[in-house]
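Architecture and fold: a report
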Amino acid sequence: MTDRTTPAPRICPNCVGFASAAITLGGRNARGQLRTITAHCPACHGTGTAPTRRNRVGARA
């Protein structure tokens, strides 16, 4: 009996799975911590996966 494998996740082609990044703004705050912001991939909205394609009924291939 063969083992069933799960399909590979659809990784976002724009961010290659690294959907969020912390970017330093330069300098430090009053506590001495680096000031950072979080940037998300605009294509996948920070999930890291691409949406699945749905087959439409009656659509031409």
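Residues numbered from 1 in each chain as written. Predicted model: local features only at pLDDT ≥ 70, side-chain atom pairs only at ≥ 80, totals over all residues. Heavy atoms only, no water.

**Details of the overall build of the chain**
Using the following cut-off: Each helix is a run of H or I in the DSSP string that is no shorter than four residues. Each strand is a run of E no shorter than two, and both are numbered from the N terminus. With a 1.4 Å probe rolled over the protein chains alone, any residue whose accessible area is under 20% of its type maximum counts as buried; one over 50% counts as exposed, and the rest are partly exposed. Contact definition: two residues touch when any of their heavy atoms are within 4.5 Å. Exposure was quantified through the Shrake-Rupley algorithm and a 1.4 Å probe, taking into account, for residues, occlusion by the shown protein chains and nothing else.
Helices and strands together make up the secondary structure of the chain, namely 0 helices and 2 strands. In the chain, buried positions account for 10% of the 61 residues. Contacts in the chain between residues at least 24 apart in sequence constitute 48% of all its contacts with a sequence separation of at least 6. Summing over all exposed atoms, the chain offers an accessible surface of approximately 6000 Å²; the carbon and sulfur share of this is 52%.

**Some points on the environment of Ile 23**
Tracing the chain through its elements places Ile 23 in strand β1 (residues 20-28). Given a relative accessible area of 38%, Ile 23 falls into the partly exposed group. Residues Ile 23 and Thr 38 lie 15 residues apart in sequence; the distance between their C-alpha atoms is 6.2 Å. Setting aside chain neighbours within four positions, we find Ile 23 in contact with Arg 35, Thr 36, Ile 37 and Ala 39.

**So, unusual backbone geometry**
Residue Val 16 is not a glycine yet carries a positive backbone phi of 55 degrees. Secondary-structure assignment places Val 16 in the segment before β1. For His 45, which is not glycine, the phi dihedral falls at a positive 60 degrees. Mapped onto the secondary structure, His 45 falls in the segment after β2 (34-40). Judged by its relative accessible area of 65%, His 45 is exposed.

**Remarks on the nonpolar core**
What counts, and what does not: Only buried residues count toward a nonpolar core, which is a set of Ala, Val, Leu, Ile, Met, Phe, Trp, Tyr and Cys residues joined through side-chain atoms within 4.5 Å.
Cys 12, Cys 15, Ala 19, Cys 41 and Cys 44 form the largest nonpolar core, which has 5 residues in total. Ignoring any residue separated from it by four or fewer positions in sequence, one finds Cys 12 in contact with Gly 17, Cys 41, Ala 43, Cys 44, Gly 48, Thr 49 and Ala 50.

**Description of the environment of Gly 26**
Secondary-structure assignment places Gly 26 in strand β1. Gly 26 sits in the partly exposed class, given a relative accessible area of 35%. With 10 residues separating them in the primary sequence, Gly 26 and Thr 36 have C-alpha atoms 8.1 Å apart.

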